[in-house]
Structures are given as structure tokens and as C-alpha cells.
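# Breakdown of the fold
Okay, here's what each chain looks like letter by letter:
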Amino acid sequence: MTTNSTLINSIRQVAACALNHSAMLVPEWLPDGKRHKNDWIAKNPVRGDRHAGSFSVSLISGKWHDFADNTAKGGDLVGLYAYLKGCPQLQAAQAIDSRLGLGLFAQSGQAYKVDKAKQEANLQAAQERKQKAQAMEEYDRQAAKEQAKWLWHNAKLANHQHPYLVKKFVFAHGLRQNKQGSLLVPVCYEGELVNLQQINVQGEKRFLAGGQVKGCYSPIGRIDTRKPLYICEGWATGATLHQQTTSAIACALNAGNLKEVALAFRARYGDSLEIIIAGDDDRKNPNNAGRKAANDAALAIGALAIFPEWPSHAPIELSDFNDLALWQMQQGASA
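A brief look at the structure comes next. Note that the structure is a prediction, hence the values are computed from the model and not measured. (Residues numbered from 1 in each chain as written. Predicted model: local features only at pLDDT ≥ 70, side-chain atom pairs only at ≥ 80, totals over all residues. Heavy atoms only, no water.)

A count of helical and extended segments in the chain gives ten helices and 15 strands. Each principal axis of the C-alpha distribution contributes one length, and for the chain these read about 70 × 45 × 40 Å. Within the chain, the proportion of its 335 residues that are buried is 48%. Across the chain, every contact between residues at least 6 apart in sequence was considered, and the portion connecting residues at least 24 apart equals 53%. If you sum the accessible surface of the chain, you get close to 17,500 Å²; carbon and sulfur atoms cover 51% of it. (Helix = DSSP H or I, 4+ residues; strand = E, 2+ residues; numbered from the N terminus. Buried < 20%, exposed > 50% of the residue type's maximum accessible area, 1.4 Å probe, protein only. Contact = heavy atoms within 4.5 Å. Areas by Shrake-Rupley, 256 points an atom, 1.4 Å probe, with all protein chains shown as cover.)

Here the focus is the sheet that holds strand E12 (residues 229-232). The five strands lie next to each other as E11-E13-E12-E14-E15, forming an open sheet whose pairing is mixed. Because the sheet does not close on itself, it has two edges, and the strands there are strand E11 (218-220) and strand E15 (304-306). Along the sheet, successive strands turn relative to each other by an average axial angle of 25°, direction set aside. The sheet strands contacting helix H8 (residues 258-269) are E12, strand E13 (249-251) and strand E14 (275-278), and the helix crosses E12 at an angle near 160°. Along the sheet face, helix H9 (residues 289-301) touches E14 and E15 and points at about 165° away from the line of E14. (Pairing = 2+ DSSP bridges. Axes fitted to C-alpha atoms, helices over the stretch in contact; angles between N-to-C directions.)

This part is about the nonpolar core. Residues Trp29, Leu30, Val57, Leu80 and Ile96 are the most contacted members of the largest nonpolar core, which totals 29 residues. Listed by contribution, the elements that provide at least two residues to this core are helix H1 (4-19), helix H2 (22-29), strand E2 (39-42), strand E3 (55-58), helix H3 (77-85) and helix H4 (89-100). Not counting chain neighbours up to four residues away, the residues in contact with Val57 comprise Val26, Leu30, Asn38, Asp39, Trp40, Lys63, Trp64, Leu77 and Leu80. Judged by nonpolar contacts, the second largest core, of 25 residues, contains Ala172, Cys232, Ile276 and Phe321. (Core = buried A, V, L, I, M, F, W, Y, C linked by side-chain atoms within 4.5 Å.)

Tallied over the full model, the rule gives ten salt bridges. A salt bridge links Lys214 to Glu260; the nearest nitrogen and oxygen atoms lie 3.9 Å apart. With Lys214 in the loop between strand E10 (205-207) and E11 and Glu260 in helix H8, the pair connects residues that are 46 residues apart, well separated along the chain. Assessed through its relative accessible area of 33%, Glu260 is described here as partly exposed. A salt bridge links Arg291 to Asp281, with the nearest nitrogen and oxygen atoms 3.3 Å apart. Taken as a pair, Arg291 in helix H9 and Asp281 in the loop between E14 and H9 lie far apart in primary sequence, ten residues in all. Taking the relative accessible area as the measure of exposure, Arg291 reaches 31% and is therefore partly exposed. Exposure remark for Asp281: the relative accessible area of 5% places this residue in the buried category. (Salt bridge = Lys/Arg side-chain N within 4 Å of Asp/Glu carboxyl O.)

Once that is clear, we can look at H3. For an α-helix the count is 3.6 residues per turn, leaving residues at separations of three or four pointing the same way. For H3, the tally of buried residues reaches seven of nine residues, placing the bulk of the element in the interior. Those residues of H3 that sit buried are Leu77, Val78, Gly79, Leu80, Tyr81, Ala82 and Leu84. Elements in contact with the buried residues of H3: H1, H2, E3, strand E4 (64-66) and H4. Measuring from the side-chain oxygen of the N-cap residue of H3 to the backbone nitrogen of Val78 gives 3.1 Å; that N-cap residue is Asp76. Looking one or two residues beyond H3, the residue adopting positive phi is Gly86, at roughly 65°. (Polar contact = N/O pair within 3.5 Å; in protein donor to acceptor, adjacent residues only side chain to side chain.)

Before going further, it helps to spend a moment on the sheet that holds E2. The strand order across the open sheet formed by five strands is E1-E2-E3-E4-E5, and the pairing between neighbours is antiparallel. At either margin of the open sheet sits one strand with a lone partner, and together these are strand E1 (34-36) and strand E5 (69-74). The mean angle between the axes of side-by-side strands here comes to 20°, regardless of whether they run parallel or antiparallel. Here E2 pairs with E3 via four bridges, running antiparallel.

By the definition in use, this model includes zero disulfides. Free cysteine: Cys17, not disulfide-bonded; nearest cysteine sulfur from Cys87 at 18 Å. In this structure Cys17 comes out as buried when scored by relative accessible area, which is 10%. Cysteine Cys251 is unpaired, with the sulfur of Cys232 as its nearest cysteine sulfur at 4.0 Å. (Disulfide = S-S within 2.5 Å.)

This part is about the layout of surface pockets. If you add up the space inside the second largest pocket, you get close to 350 Å³. Taken together, 15 residues make up the lining of the second largest pocket; nearest its centre are Arg12, Ala15, Gly75, Asp76 and Ala126. Of all the secondary structure elements, the ones that give two or more residues to the lining of the second largest pocket are H1 and helix H5 (116-153). Per-element accounting of the lining of the second largest pocket gives the leading share, five residues, to H1. Grouping the amino acids of the lining of the second largest pocket by side-chain chemistry returns seven nonpolar, four polar and four charged. (1 Å grid on protein atoms, 1.4 Å probe; cavity = no way out; pocket = protein on both sides within 12 Å on 5 of 7 lines; lining within 4 Å. Points joined across faces, edges and corners; volume = space filled by probe spheres on them. Nonpolar A, V, L, I, M, F, W, Y, C, P; charged D, E, K, R; others polar.)

Okay, here's the thing in C-alpha cells:
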């Protein structure tokens, strides 16, 4: 009879072996994606992603996560397969075992006896790859931080007539602009500039390669404990909220980051600062990742979560406070 510990060890060994073939396996599972350095960036088929970008898989460590859904994350490729296929970890390990011809699992689902020395060698190799990946990630974060500071220092103040600002009907609020015409949005961690989000004239956004995003935010306005701090997703949403409330804003830059940012500000200010989570309302998405992430963040720190109040005839494609403000302005202009 196969013990649970044997099954668990066999699953871990499959995960370790899968890393040696990550460049083959992950594109097979996520064929619409593309490689960026050591990551595979793709659409998340589980939540019906329309665009690639928020779902990434490390081809070195096997870690995967979806910035738009903080519940979608895992530490190895067996977990990724199980998530994508909606199956148990054992079934995922068996499928990968079969694909790679490892022979660790019999057709009956029982594990074969595993060579202890070989198993330990595979697990040790996986641990070494994990440590190497962590070291590379830290190097990339530091390099991106230095690049961000240099780009920010050498950029000029943003033009208020920049196409993105005009489209979103917001002021620049201290943003800068590079020689190529892209807006530079500061990305901070504990008050220090560590990354930049660049927005070109077409509205396309990208962070500096390898730069830190988790736990980071873009600030708008100065924090005043006599007023609430609003934490939202995107920068344009934050700019709209600041113009409407005059309160300070922390833009978490994606739904999955809301909770991290909220916890950081609560830890820093305690109960002396009122915090309001201004969430996106992804009504068109059955999972409504924006609303779920905002509610989770609010619950984690005991804060209020607010969402746009949609008139009954508002298009379902609209999701955030900037969308609502623009639509209301257009309705007023056509009235």
C-alpha cells in the first residue's frame, strides 16, 4: 500500500523534474503566451483573460501568479497544471509524469517505489535552482531601482497635454516624461523610488524589466491624517480620486497588490489614518477580480471598500472611478 508520504515525495520529485523541462511544458499549457527573460507571460485561461500581462510563470523557480487575482498563485509546476486543468495535485503530477516518461506513477494511480538517493538529488537540485532564481531576482530588482532613479532624475515634468492625460481627463500630478514622450509613473516601496511604470502616447504600460512591483505603490498628494488615504488600482483612477477628494492616494497598480499596500500603510500609521479601498468593479468578468481584491484588502485591515456607483444605463465595460467620471462627463456634454 502506498503511503501518503510516498505520494507527496513523488509529487515533489515530479515538480523538481518538471523544472528541467519548464521551457517545453509551460508553453504547451499556455500557448498564447511569450517568453520575457526567465518568465512566461500569458493570458490566464481560468478567468478568461483578454490580454496577456498579469499572469506569469518563472521558468527557473516554477513559481506562478496572477497580479489581477491574489488567490491565483503557486510555488511549482505541478500546482500550475492543477490550477489550469482544475484537477487535484496527484492527478496533475501523474499527467506530467506521463508526459515526461518519468515512470514514477503506475496506471492505477499508486506510486512506484522511489529511489531515495535519486529523489534527494532531484530535490537538492530544485532547491539550488530556487536559490539561484532568488539571487537573480534580487539582482534585477536592484538594477531596476538604479535605472528608475536615473530615468526619473533625467526626465522633465510631464506635459499636461500628453495624449494619455487628455484621454483620461486628469492632471499630471507630478509625473515626469522622457524624451520618447512616455509618462513616468513613480513606483515606491516604503517611500523609496524602486521602479517606474512607463505609459506611452498610445496608453500602453510597462514596468522596468525585473523591477519590484509587489508591495509597491505610486503616491499622489501628501498624506494628512485628518483626511482618509484612498488606495486604488491604476494611476488614472488615483488621479481622478485625488481631483474629486483632494485626499492622498496610493495607487497599487494592480488588483493583486491592493492587500499588500493596504497592510503596509496600516502597519506604518496604525489607526491614526483612515484608509479607504477604492476598488475596480470588473462587472464584465464573472469572477470580478477587482471587487474581490478590494474587499479582501479592506477586510485585512478593517477598512471600508467603495466602488463606482453605476447608473442603470452605464456600459458594462466600465470598471473604475476614472471610467465613471469620463462617462458622466460625456453624458453631460451630450445632454
